[in-house]
Amino acid sequence: MWISRLSLRDYRSYPELDLEFSPGVTTFVADNGTGKTNIVEAIGYLAHQRSHRVAFDAPLVHEGRQAATVSALVNRDQRHATVEVTIQAKGANRARVNRNAVKLKDILGFVSCVVFAPEDLSLVRGEPAERRSWIDTLVVARNPRFASIITDFERALKQRNALLKRLREDRDPGLEATLDIWNMAYADSAAELVFGRQRILADIVEPLQTNFAYIAADARLERQGAHIAYDSRIDYSQAASAADCKELLLAALDRRRTTEIERGLTLHGPGRDDLSLMIGTHPAKGYASHGETWSLALAMQLAGWDLLSADAGSAAEQPILVLDDVFAELDTGRRQRLASRVTSAEQVFITAAVDSDLPDGLEGIRIDQSRLLQSGAS
């Protein structure tokens, strides 16, 4: 798929911006602070309904305005659709497809996009929540119905934690009996999410290894191997279905019931799980060099793009690829290998502060600083 037109209204630094694109590589070369990352962030927002840079939507709205609008004309062979999101500084966001109002969840899948940015170093160095967010984004991109499952899980987790806190203060038998009800509601959605993650991991191990070995081809042989695995207090290795995951989770909740009440907190489930990342025989976190960390994070994102591309089955459904200020942190060899790896995508957006950050011979359309400033950045 590819975007032929992008329109921003009151988004970040842009009171108004209209750009037209073609398939292939589009490179934005401009000083930091000019607004180039705002553009690719907006494309990612259409795909994921969240920014890759901030946790909340309010910073996305131009200062002094109440709402921002992001609109794109998306093309799949001969099929075209205009997808639009209105982002509220306060209140609920809205969505439209071809000018018709739809629910926000209904636009998931209209734009498929994989974004790699400097913030993705946290996939390796950061807290478990960063890795959970990465895999959950892939789960939803692969099957948008999981957006509702994640919402159900988060609601059930919040209610269950609130009940556990009450029980910590008052072990009333009637109140405690309701915990079994919330255990079932929690386990239903949690088990679906865990099994969705497990299926993603089963399919992504090989492309992750392949991408890392390719990017790190000049490293020592023993440092060219990478591995990813699910890390949980519950052993799901023999689970063949969401029902199996649910049974294992319910058993764990039963075993830790007293401890959870004493602590007033849920101790088992997808909100406590992590992903184990290895380079060679060592954990990536704490052992990987800066270059290895970049390479592994990039390999994770490229593996996700490979997975979604394989699911798509054709270039018409292949995800858009965004590389936001990535090349500056790579040495010459890794820049060239990355460039040769990504230019096969139907549409790629790349940002860079200066030409010297880009690999030699990178072809495509260039949008420079003067064009962005003329388009309304402030």
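Here the structure is a predicted model, which means the values were calculated and not measured.

S.K.: Any chance you could explain the overall build of the protein chain here in plain terms?
M.R.: Looking only at helices and strands, the protein chain features eleven helices and 14 strands. Its C-alpha atoms give the protein chain a radius of gyration of 22 Å, near enough to 21 Å, the size a compact globule of 378 residues would have. For the protein chain, the C-alpha atoms occupy an extent of roughly 70 × 55 × 35 Å along the three principal directions. When burial is assessed residue by residue, the protein chain has 52% of its 378 residues classed as buried. If you take every contact in the protein chain between residues at least 6 apart in sequence, the share linking residues at least 24 apart comes to 70%. A total of about 17,000 Å² of accessible surface is found on the protein chain, and carbon and sulfur atoms cover 48% of it. Within the protein chain, one finds 45 positive and 52 negative side-chain charges whose respective centroids are separated by 4 Å.

S.K.: Explain the pairing of strand E2 (residues 14-20) here, please?
M.R.: Two faces, one strand: in a regular strand the side chains alternate between the faces of the sheet. Two elements, strand E1 (residues 2-11) and E2, share six bridges in a ladder whose sense is antiparallel. Bridge pairing links Leu 8 to Leu 17 in E2. Remark: two residues form the turn of the hairpin made by E1 and E2, two consecutive strands paired antiparallel; Arg 12 in that turn has positive phi of roughly 50°.

S.K.: Would you mind showing me how to read the sheet that holds strand E13 (residues 347-352) here?
M.R.: Backbone hydrogen bonds hold the strands of a sheet together, and the pairing may be parallel or antiparallel. In space, the five strands of this open sheet follow the order E8-E12-E13-E3-E14, with parallel pairing throughout. What marks the edges here is a single partner per strand, and that holds for strand E8 (113-116) and strand E14 (365-368). Across the sheet, the mean angle separating the axes of adjacent strands is 15° when strand polarity is ignored. Bridge count between E8 and strand E12 (residues 320-324): four bridges; the pairing is parallel. Within the sheet, the bridge partner assigned to Val 114 lies in E12 and is Leu 321. Across the sheet, helix H9 (residues 290-312) lies against E8 and E12, angled at about 175° from E8, the strand it touches most.

S.K.: Sorry if this is basic, but what is going on with the pattern of salt bridges here?
M.R.: Oppositely charged side chains are able to pair whenever their charged atoms sit close together. As enumerated under the stated definition, the model contains 23 salt bridges in all. We note a salt bridge from Arg 334 to Asp 331, for which the minimum N-O separation is 3.9 Å. According to the relative accessible area criterion, Arg 334 is buried, its value standing at 10%. Classification of Asp 331 as partly exposed rests on a relative accessible area of 38%. A salt bridge links Arg 366 to Asp 355; its shortest N-O distance comes to 2.4 Å. Residue Arg 366 is located in strand E14, and its partner Asp 355 is located in the loop between E13 and E14; the two are separated by eleven residues in the primary sequence. You can call Arg 366 partly exposed: its relative accessible area is 44%. One salt-bridge network, held together by shared partners, links Arg 171, Glu 176, Asp 180 and Arg 257.

S.K.: I would appreciate a short explanation of the sheet that holds E2 in the present structure.
M.R.: Across the sheet, which stays open at both edges, the six strands sit in the order E2-E1-E4-E5-E6-E7 with antiparallel pairing between neighbours. Looking along the sheet, the strands with just one partner apiece sit at the ends: E2 and strand E7 (100-102). For this sheet, the mean inter-axis angle between neighbouring strands, taken without regard to orientation, is 20°. Judged from the ten bridges that link them, strand E4 (residues 67-76) and strand E5 (residues 79-88) form a sheet pairing that is antiparallel.

S.K.: Hey, could you run me through the packing of H9 against helix H10 (residues 332-342) in this one?
M.R.: Geometry of a packed helix pair, given as the angle between the helix axes and the separation of the axes. Packing of H9 against H10 leaves a shortest axis separation of 13 Å and a crossing angle of 5°. On the basis of the axis angle, H9 is roughly parallel to H10. Facing H9, whose interface residues are Gly 291, Glu 292, Ser 295, Leu 298, Leu 302, Trp 305 and Asp 306, H10 presents Arg 334, Leu 338, Arg 341 and Val 342. Tallied by class, the residues present in the contact of H9 with H10 amount to five nonpolar, two polar and four charged.

S.K.: Please clarify how the side chain of Gln 318 should be interpreted in this entry.
M.R.: Structurally, Gln 318 can be placed in the loop between H9 and E12. Polar contacts involving the side chain of Gln 318 include one to the main-chain amide nitrogen of Glu 346, which spans 2.8 Å. In this structure, Gln 318 is in contact with Met 1, Trp 305, Ser 309, Ala 312, Ser 344, Ala 345 and Glu 346, ignoring residues within four places of it in sequence.

So, how was this worked out
Residues numbered from 1 in each chain as written. Predicted model: local features only at pLDDT ≥ 70, side-chain atom pairs only at ≥ 80, totals over all residues. Heavy atoms only, no water. Helix = DSSP H or I, 4+ residues; strand = E, 2+ residues; numbered from the N terminus. Rg over C-alpha atoms; globule rule 2.2 N^0.38 Å. Buried < 20%, exposed > 50% of the residue type's maximum accessible area, 1.4 Å probe, protein only. Contact = heavy atoms within 4.5 Å. Areas by Shrake-Rupley, 256 points an atom, 1.4 Å probe, with all protein chains shown as cover. Lys, Arg positive; Asp, Glu negative; His and termini not counted. Charge placed at Lys NZ, Arg CZ, Asp CG, Glu CD. Pairing = 2+ DSSP bridges. Axes fitted to C-alpha atoms, helices over the stretch in contact; angles between N-to-C directions. Salt bridge = Lys/Arg side-chain N within 4 Å of Asp/Glu carboxyl O. Parallel < 35°, antiparallel > 145°, perpendicular 65-115°, else oblique. Nonpolar A, V, L, I, M, F, W, Y, C, P; charged D, E, K, R; others polar. Polar contact = N/O pair within 3.5 Å; in protein donor to acceptor, adjacent residues only side chain to side chain.

This is a description of form; function is not addressed.
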